[in-house]
Amino acid sequence: GATLLWAASGAVLAARRGYDLTGIFAIALVSACGGGLLRDALFLQAGPPILVRTPIYVLLTLLASLLTWRFGERLHGRLPRPVLRLTEIADALGLGAFAVVGMRLALAASISVAGAMLVGVVNAVGGGVLRSVLLHRTPRVFRPGELTALAALGGTLLYAGLAVGLQVDENVAGLAAIALAAATNWASRRYRLQTRAAWGTAAQRRQGRGDG
């Protein structure tokens, strides 16, 4: 479900840019599976990435691309507000789920707890970073705004404390970690709890004038 919805969010961004179906599919695939590609290629290196070992991810991405292309045109690119709300919730749950999945796979590959947490965060936000690069935008996770990487990090910290530290059942620890990451991300959007620029706007303006 998270893969389908994340692919749809990427497809909507590509459609709003005026991309054709090929471009929509490419951006949707990177959005949904980019984090997993980084996880498998950079960290786990356990053979071909899971994306090419099973067709389900490609099929889900293709479905999301076709639905966006077909129905988005009918709606003139405007999604109903309830759909947008549901997408936000799904995004938050997907963030936590991908963080936990990445961490569990890393721990199963005998990576240290700290390293596994890094893998989990990359798995959660990597797709969005790659999508932004393809769209020639600064990745949202690097800019002041809602809590994404920090929410994923909080989920991996809780999972490490429960599953590794206290030896709690992996599924229970995973659900708790997903709930924490999702709640943190959702609350950040709902109540505008955002990060800020390191030096502040005024300092950046002064620096810009000095560079000029």
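Residues numbered from 1 in each chain as written. Predicted model: local features only at pLDDT ≥ 70, side-chain atom pairs only at ≥ 80, totals over all residues. Heavy atoms only, no water.

S.K.: Please explain a nonpolar patch on the surface as it appears in this structure.
M.R.: Where nonpolar side chains cluster on the molecular surface, the patch consists of Ile89, Leu93, Trp186, Tyr191 and Leu193 and spans about 500 Å² of accessible area. Following the sequence through the fold, Trp186 ends up in helix H8 (residues 170-190). Of the residues examined, Trp186 reaches a relative accessible area of 36% and is grouped as partly exposed. (Patch = residues over 30% accessible without salt bridge, like charges linked within 9 Å, V, L, I, M, F, W, Y side chains within 5 Å. Areas by Shrake-Rupley, 256 points an atom, 1.4 Å probe, with all protein chains shown as cover. Salt bridge = Lys/Arg side-chain N within 4 Å of Asp/Glu carboxyl O. Helix = DSSP H or I, 4+ residues; strand = E, 2+ residues; numbered from the N terminus. Buried < 20%, exposed > 50% of the residue type's maximum accessible area, 1.4 Å probe, protein only.)

S.K.: Looking at this structure, I do not really get the environment of Gln167. What am I missing?
M.R.: Inspection of the secondary structure assignment puts Gln167 in the loop between helix H7 (149-165) and H8. Within the local environment of Gln167, its side chain forms a polar contact with the backbone oxygen of Val164, the two atoms lying 2.8 Å apart. (Polar contact = N/O pair within 3.5 Å; in protein donor to acceptor, adjacent residues only side chain to side chain.)

S.K.: When you look at the packing of aromatic side chains in this model, what are you seeing that I'm missing?
M.R.: The geometry of two aromatic rings is summed up by the distance between their centres and the angle between their planes. Summed over the entire model, instances satisfying the criterion amount to 2 aromatic pairs. Ring centres of Trp186 and Tyr191 lie 6.2 Å apart, and the angle between their planes is 90°; on these two criteria the pair is classed as edge-to-face. The exposure class of Tyr191 is exposed, given its relative accessible area of 52%. It is Arg190 that lies over the ring of Tyr191; its NZ or CZ is 5.3 Å from the centre. (Phe/Tyr/Trp six-rings, centres within 6.5 Å; stacked < 30°, edge-to-face > 60°. Lys NZ or Arg CZ within 6 Å of the ring centre and 35° of its normal.)

S.K.: What is the right way to read the environment of Trp69 from this model?
M.R.: Residue position: Trp69 is located in helix H4 (residues 56-74). Those residues in contact with Trp69, other than ones at most four positions away along the chain, are Leu21 and Ile24. (Contact = heavy atoms within 4.5 Å.)

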